[in-house]
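Chain residues, written in single-letter form:
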Amino acid sequence: QQQVKQSPQSLIVQKGGISIINCAYENTAFDYFPWYQQFPGKGPALLIAIRPDVSEKKEGRFTISFNKSAKQFSLHIMDSQPGDSATYFCAADSFGNEKLTFGTGTRLTIIP
Amino acid sequence: EAGVVQSPRYKIIEKKQPVAFWCNPISGHNTLYWYRQNLGQGPELLIRYENEEAVDDSQLPKDRFSAERLKGVDSTLKIQPAELGDSAVYLCASSRSGETQYFGPGTRLLVL
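Residues numbered from 1 in each chain as written. Chains lettered and ligands numbered in written order. Predicted model: local features only at pLDDT ≥ 70, side-chain atom pairs only at ≥ 80, totals over all residues. Heavy atoms only, no water.

1. Examining the overall build of chain B
- When you go through chain B residue by residue, the secondary structure sums to zero helices and 11 strands.
- Taking the principal axes of its C-alpha atoms as reference, chain B extends roughly 40 × 25 × 25 Å.
- In chain B, which comprises 112 residues, the share counted as buried stands at 46%.
- Taking the contacts inside chain B whose residues are at least 6 apart along the sequence as the reference set, 53% of them involve residues at least 24 apart. (Helix = DSSP H or I, 4+ residues; strand = E, 2+ residues; numbered from the N terminus. Buried < 20%, exposed > 50% of the residue type's maximum accessible area, 1.4 Å probe, protein only. Contact = heavy atoms within 4.5 Å.)

Below you can see the structure in the form of structure tokens.
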């Protein structure tokens, strides 16, 4: 059972534009929502994470927006750069569970 | 601080052969995870260790997969015998309890 649905599967954005990736979850026990960035041949690396007590978290050009009632969260990358080209995974976990459930990934390509 | 180390990075074997993967976690991280990442998918947890104890192995196919974490540091994941469907990237991650998971670069397995 896929508990975290991610879209789109792939995304092409022009340099300087805004990249938006969406995720939806089913399990209301989830209370930790990280985003991971993965480059080819590398393991996933934590980019930014949010807990449901806030609706938005911003770190530099990266922002997570969280909608608890809709059970959705999204990653926004402002001023997208070619170096942001990677695969992005959303994930979810519940306190004490320590068992990340990952989305299927979005391959982001930033073109000049 | 050194990251999670995995070896080998690549492995090609014929079906029915055994294979083993090794992981050295970040120093001081008591929690160790093994994930499997199929092509175009997010990582899926196989097993989680707290020190030497396997606390979640519900997703580990125990008929052919085994893992150990002797002395609560390094870990080995073994497949015997390997099947074609085992071709994937095997990721090791580590963390302090309840904190961010840090992933290694993975071992890419191809079963012919």
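On we go from here.
2. With respect to the state of the cysteines
- Scanning the entire structure with this criterion turns up two disulfides over all chains.
- Each sulfur in the disulfide pair Cys23 of chain A and Cys90 of chain A lies 1.9 Å from the other. On the S-S bond that ties Cys23 of chain A to Cys90 of chain A, the torsion sits near -90 degrees, and the link is left-handed. Pair noted here: Cys23 of chain A is in strand E3 (residues 19-25) and Cys90 of chain A is in strand E9 (residues 86-92), with a separation of 67 residues, a long-range link.
- In this model, Cys23 of chain B is linked to Cys92 of chain B through a disulfide, with the two sulfur atoms separated by 1.9 Å. (Disulfide = S-S within 2.5 Å.)

3. Quick word on the pairing of strand E11 (residues 107-111) of chain B
Residue and element names in this part refer to chain B.
- Of the two faces of E11, only the one carrying Thr107, Leu109 and Val111 is buried; Arg108 and Leu110 on the other face are not.
- Here strand E2 (residues 10-13) runs beside E11; their pairing, made up of four bridges, is parallel. Paired with Tyr10 across the two strands is Arg108, which belongs to E11.
- Relative to E11, strand E9 (residues 88-95) is paired through three bridges, and the arrangement is antiparallel. Paired with Val89 across the bridge in E11 is Arg108. (Pairing = 2+ DSSP bridges.)

4. With respect to the packing of aromatic side chains
- Within the structure shown, the criterion is met by 16 aromatic pairs over all chains.
- Ring geometry for Phe102 of chain A versus Tyr35 of chain B: centroids 6.0 Å apart, planes at 85 degrees, classification edge-to-face. Here Tyr35 of chain B lies in strand E4 (residues 31-37) and Phe102 of chain A lies in strand E10 (residues 101-102), a pairing that spans two chains.
- By relative accessible area, Tyr35 of chain B is classed as buried at 0%.
- Residues Phe65 of chain B and Tyr90 of chain B carry aromatic rings whose centres are separated by 6.5 Å and whose planes lie at 40 degrees to one another, so their mutual orientation is tilted. Of the two residues, Phe65 of chain B is situated in strand E7 (residues 65-68) and Tyr90 of chain B in strand E9; the sequence distance between them amounts to 25 residues.
- For Tyr90 of chain B, a relative accessible area of 0% corresponds to the buried category.
- Aromatic rings pair up to connect Tyr25, Phe30, Phe33, Trp35, Phe66 and Phe73 of chain A into one cluster. (Phe/Tyr/Trp six-rings, centres within 6.5 Å; stacked < 30°, edge-to-face > 60°.)

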